[in-house]
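Geometric and topological summary
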Amino acid sequence: MSTNQYSAIGFLGGIALLFLIVLSGGNIAIMIGVALLVVILYFSFRALKKPPALTIQQKAILVDFDFYKTLTIAERKEFEYRVSYLTQNKEFMGRKDLVVTDRMKILIAATIAQIGFGFEFITFEDFDKIIIFPKAYYSKYTGHYHKGEVNASGVIVLSWADFLEGFKISDDGYNVGLHEIAHALRLEDAIPGDEYHFLKETDLTVWNHVAETEYDNIRAGKPSFIRSYAGTNRQEFFAVCIEQFFEQPQGFYDALPELYKAMARLIKQDPLKRKRNYF
Ligand SMILES: [Zn+2]
């Protein structure tokens with residue numbers, strides 16, 4: 001839950017408590033009874049909303065997911081919960097005769113969970129549809145073949161062949177899944193709603209400041225650890241940085257320590273530390 005949701009719950013709870021005191025005429029027994037009932041109802045509701053645990057087969061798919069391997073036992077439980085929730089609550093749709101499999105759902109959900117793992121659960125509520133093409137698809141709007149895209153109207157589009165290609169070599173800094181979800185993260189942060197402005201303003205200021213130098217370098221054609229595609233615009237710069245941040249944390253840190261630290265601070269996780277701790 002976001003801080004806003006906690007404040008709203010606190011506010012409503014306060015009003016409910018006042019009503020309770022007035023209605024019960026100050027009778028402690030009634031007050032405790034009603035409060036207990038509310039707590040029981042709340043937890044029953046939460047239990048109902050909880051997604052089913054991942055099956056053994058679904059967990060076996062996660063075992064192949066690099067990020068999962070770097071998590072502690074407790075973190076794995078939380079990660080599995082998030083993956084399960086995302087697979088249950090997103091609408092996955094195949095295009096061009098593609099049949100959506102459990103493996104596709106789990107790996108895409110895991111990528112979403114990976115990027116947001118430093119935060120309290122971000123469900124990417126504004127992106128409820130995930131469209132999967134078998135391979136790069138032609139877009140009549142741009143006249144080009146696309147490997148993926150994110151649409152502010154709430155759709156994440158991926159080419160499955162390219163998504164898999166991104167995972168095949170886990171340290172080459174290319175990962176279409178991470179790239180597209182990185183775009184979704186920035187949009188989710190910008191679209192007003194329950195999941196809004198979770199990226200801290202001060203962290204964003206630091207990121208923008210540090211990023212500007214490298215962005216200018218790339219645009220000026222100077223060599224950089226960050227892939228040149230990042231020079232397309234600031235959104236692409238962020239998405240490419242996310243790919244390299246997760247896939248090449250050591251190289252990233254060695255080449256651009258300030259930019260690496262700004263990213264770790266912004267998304268509240270440090271892949272380098274995870275790898276050091278758990279591999
Ligand atoms: Zn992009």
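Note that the coordinates shown come from a computational prediction; the quantities given were computed from them, not determined experimentally. (Residues numbered from 1 in each chain as written. Predicted model: local features only at pLDDT ≥ 70, side-chain atom pairs only at ≥ 80, totals over all residues.)

As for the overall build of the protein chain
The helix and strand inventory of the protein chain stands at 13 helices and six strands. If one aligns the C-alpha atoms of the protein chain with their principal axes, the spans along those axes are about 75 × 45 × 45 Å. Out of the 279 residues in the protein chain, the part that is buried amounts to 32%. Put simply, 66% of the contacts in the protein chain that link residues at least 6 apart link residues at least 24 apart. (Helix = DSSP H or I, 4+ residues; strand = E, 2+ residues; numbered from the N terminus. Buried ≥ 20, exposed ≤ 12 C-beta atoms within 10 Å, placed from the backbone. Contact = placed C-beta atoms within 7 Å.)

Considerations on the packing of helix H3 (residues 56–63) against helix H6 (residues 102–115)
Interhelical geometry of H3 versus H6 gives an angle of 55° and a closest axis separation of 10 Å. Between H3 and H6, the angle falls in the class oblique. Crossing hand, H3 versus H6: right-handed. Note on element contacts: H6 touches H3 through Asp102, Arg103, Ile106, Leu107 and Ala110, opposite Gln58, Ile61 and Leu62. Partitioning the contact of H3 with H6 into residue classes produces five nonpolar, one polar and two charged. (Axes fitted to C-alpha atoms, helices over the stretch in contact; angles between N-to-C directions. Parallel < 35°, antiparallel > 145°, perpendicular 65-115°, else oblique. Left-handed = near helix turned anticlockwise from the far one by under 90°. Nonpolar A, V, L, I, M, F, W, Y, C, P; charged D, E, K, R; others polar.)

Structural notes on the sheet that holds strand E5 (residues 148–151)
Sheet strands associate in pairs through backbone hydrogen bonding, adopting either a parallel or an antiparallel arrangement. Taken together, the four strands give an open sheet; going across it, the order is E1-E2-E6-E5, and neighbouring strands pair in mixed fashion. This sheet does not close on itself; its edge strands, each paired only once, are strand E1 (91–94) and E5. Between one strand axis and the next, the sheet turns by 15° as a mean value, whatever way the strands run. (Pairing = 2+ DSSP bridges.)

With respect to the domain arrangement of the protein chain
Each assigned domain of the protein chain is listed with its residue range as follows: domain 1 (3–49), domain 2 (54–198) and domain 3 (200–279). For domain 1 and domain 2, the distance between their C-alpha centres works out to 37 Å. (Domains from an automatic or database assignment.)

Things to note about helix H12 (residues 257–266)
Along H12, the residues classified as buried are Leu259, Tyr260, Ala262, Met263, Ala264 and Leu266. As for H12, its buried residues are in contact with helix H9 (201–219), helix H10 (234–247) and helix H11 (249–255).

A look at the pairing of E1
As judged from the four bridges shared by E1 and strand E2 (residues 129–133), these two strands associate in the parallel manner. Across the sheet, the residue bridging to Met93 is Ile131, located in E2. Remark: the E1/H6/E2 crossover connection has left-handed handedness. (Right-handed = clockwise from strand over helix to strand, strands pointing away.)

Brief notes about the packing of helix H5 (residues 73–89) against H6
For the pair H5 and H6, interaxial distance at closest approach is 8 Å and the crossing angle is 120°. By the angle between their axes, H5 is oblique relative to H6. Seen from above, H5 lies across H6 with right-handed handedness. Between H5 and H6, the contacting residues are Phe79, Arg82, Val83, Leu86 and Thr87 on the first element and Lys105, Ile106, Ala109, Ala110, Ile112 and Ala113 on the second.

Let's talk about H9
Taking 1.5 Å per residue as the helical rise, H9 with its 19 residues ought to reach 27 Å, and the 26 Å between its terminal C-alpha atoms agrees with that figure. The sharpest bend along H9 measures roughly 30° and falls at Glu212. Against H10 and H12 lie the buried residues of H9. Where H9 ends, the next residue or the one after it, Gly221, has phi of about 80°, a positive value. (Expected span 1.5 Å × (residues − 1). Bend = angle between axes of the 7 residues up to and from the residue.)

Quick look at unusual backbone geometry
Unlike most non-glycine residues, Lys96 shows phi in positive territory, near 55°. The topology assignment puts Lys96 in the loop between E1 and H6. By C-beta crowding, Lys96 is classed as exposed, having 9 other C-beta atoms within 10 Å.

Quick look at the nonpolar core
With 59 residues, the main nonpolar core has Cys241, Ile242 and Met263 as its most contacted residues. The leading source of residues in this core is H6, at nine residues. Apart from residues no more than four positions distant in its own chain, Cys241 is found in contact with Ile226, Ala230 and Met263. (Core = buried A, V, L, I, M, F, W, Y, C linked by C-beta atoms within 7 Å.)

Structural notes on the pairing of E5
Residue alternation in E5 divides its side chains into a buried set, Gly148 and Val150, and an unburied set, Glu149 and Asn151. Where E5 hands over to strand E6 (residues 155–159), the hairpin turn is made up of three residues, of which Gly154 adopts a positive phi near 110°.

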